[in-house]
Amino acid sequence: MTVKIYTLHNHPKFIRWQKLLFQKFVTEEYEYYVVNTADSDSMKESIRQECESNDVSCIDLPFLNNQGTPSARNRIPLQWTWDNHIAKENSTCVIMDSDMFLLKPFNFSEYLGTYDIAGIIHKRAHIWYPWNGLSIFAGELPEKDTLNFREGKIESVRVDVSGHLHVYLQKHPEIKVKPIYDGGFICSKNENIHLLPEEIKDKYEDSFLSQIFEQAFFHLRAGSNWNNSDNYEKKITFMNDMVDIALSEGITFPSPNGYRFIDADDIRDLDAPVRWTEYTRYVDEEWTDAQKPSFSIKSILKKLIKK
């Protein structure tokens, strides 16, 4: 059965790279769909044109993706894609971020095997769930149309996009979930630089904080530059070089044996303001239950002090 790969793009930059890498490395029949999550009409058209020039199927949202917080703008198109496309499929479906790149031969169906879901497992306190940046779903799942990718709170624990999959998985303990191997954020502090391919290691910088999954996928992280990185152009040049090498010569990921992984929370800015939209969802052509972004008292005080 043909695997369906859905990638969500709010800009056209990585569509061609993903297509070329899928063509070279996906070792089964597949269909590749770009979900157009643009926040403006001009960007929406740019993504359409890039898909057309690369012969890629484009799925347009029936709205501009400019509502809510950054997390909401990640989750809303994802939920819409699930409800209107993936939930109706009987074949294996893959969800990937636009800045996720497959760099060696891979068979999604064989990898999933007898499992129902495969994903990078995020855990906050006792709450765990597969992250949407790279996840694989079997065609047959119980109550498939009830999967909810909402962020927010579960039992007083803050969760990011996909967090409410925890509720679904608790309701269906028969579902088998396969953890996708995560080498952590690649940086000297994590003592895992050795996970980088030798062919590209000398061009990598700690500040990229990229990730390697299952020794096959490279997550550029913040590929849309949502965090306004000072070294964004360096990251793009690095990724361009890596894609070129993968397509022409091939690259080899070293063995992950012996790596030391520091939890992601240890390298995040713990004082960054927290913003959440718990229930924003596009249903029946209407926005429902929108909640305004909230900021921590600590972050507000810091801003007042700076003024």
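Residues numbered from 1 in each chain as written. Predicted model: local features only at pLDDT ≥ 70, side-chain atom pairs only at ≥ 80, totals over all residues. Heavy atoms only, no water.

**Points about the pairing of strand β6 (residues 117-124)**
Here is step 1 of the chain: In this sheet, strand β7 (residues 127-137) lies alongside β6 in antiparallel orientation, the contact comprising seven bridges. Note on β7: the bridge partner recorded for Arg-124 is Ile-127.
Here is step 2 of the chain: Hairpin remark: β6 followed by β7, antiparallel, with two residues in the connecting loop; positive phi at Ala-125, about 55°. (Pairing = 2+ DSSP bridges. Helix = DSSP H or I, 4+ residues; strand = E, 2+ residues; numbered from the N terminus.)

**Some remarks on the packing of aromatic side chains**
Here is step 1 of the chain: All chains considered together, the criterion is met by 18 aromatic pairs.
Here is step 2 of the chain: With a centroid separation of 4.9 Å and an interplanar angle of 65°, the aromatic rings of Trp-82 and Phe-137 are classed as edge-to-face. Taken together, the residues span a long stretch of sequence, with Trp-82 in helix α3 (residues 70-84) and Phe-137 in strand β7 at a distance of 55 residues.
Here is step 3 of the chain: Look at Phe-106 and Phe-217: their rings are 4.9 Å apart centre to centre, the planes differ by 75°, and that puts the pair in the edge-to-face class. You can see Phe-106 sitting in the loop between β5 (100-102) and α4 (108-112) and its partner Phe-217 sitting in strand β13 (residues 217-219), a full 111 residues away along the chain.
Here is step 4 of the chain: What makes Phe-106 buried here is its relative accessible area of 9%.
Here is step 5 of the chain: These aromatic residues form a ring-pair network of at least three members: Phe-106, Phe-108, Tyr-111 and Phe-217. (Phe/Tyr/Trp six-rings, centres within 6.5 Å; stacked < 30°, edge-to-face > 60°. Buried < 20%, exposed > 50% of the residue type's maximum accessible area, 1.4 Å probe, protein only.)

**Here we look at the sheet that holds β5**
Here is step 1 of the chain: Pairing within the open sheet is antiparallel, and its four strands lie in the order β5-β13-β12-β11. Each having just a single partner strand, β5 and β11 (182-185) make up the two edges of the open sheet. Along the sheet, successive strands turn relative to each other by an average axial angle of 20°, direction set aside.
Here is step 2 of the chain: In terms of strand pairing, β11 meets strand β12 (residues 211-213) through two bridges, oriented antiparallel. Directly across from Phe-185, in β12, lies its bridge partner Gln-211. (Axes fitted to C-alpha atoms, helices over the stretch in contact; angles between N-to-C directions.)

**Considering the pattern of salt bridges**
Here is step 1 of the chain: Evaluated as defined, the whole model comprises nine salt bridges.
Here is step 2 of the chain: Ionic pairing is found between Glu-89 and Lys-4, a salt bridge with its closest N-O pair at 3.0 Å. Of this pair, Glu-89 sits in the loop between α3 and β4 (93-97) while Lys-4 sits in strand β1 (residues 3-9); the two residues are 85 residues apart in sequence, bridging distant segments of the chain. Assigned by exposure class, Glu-89 and Lys-4 land together as buried.
Here is step 3 of the chain: Where Arg-48 meets Glu-45, a salt bridge forms, and the shortest distance between an N and an O atom there is 2.9 Å. With Arg-48 and Glu-45 both in helix α2 (residues 41-53) and three residues apart, this pair spans about one turn of that helix.
Here is step 4 of the chain: Overall, the relative accessible area of 32% leaves Arg-48 in the partly exposed class.
Here is step 5 of the chain: Through salt bridges with shared partners, a single network forms among Lys-4, Glu-31 and Glu-89. (Salt bridge = Lys/Arg side-chain N within 4 Å of Asp/Glu carboxyl O.)

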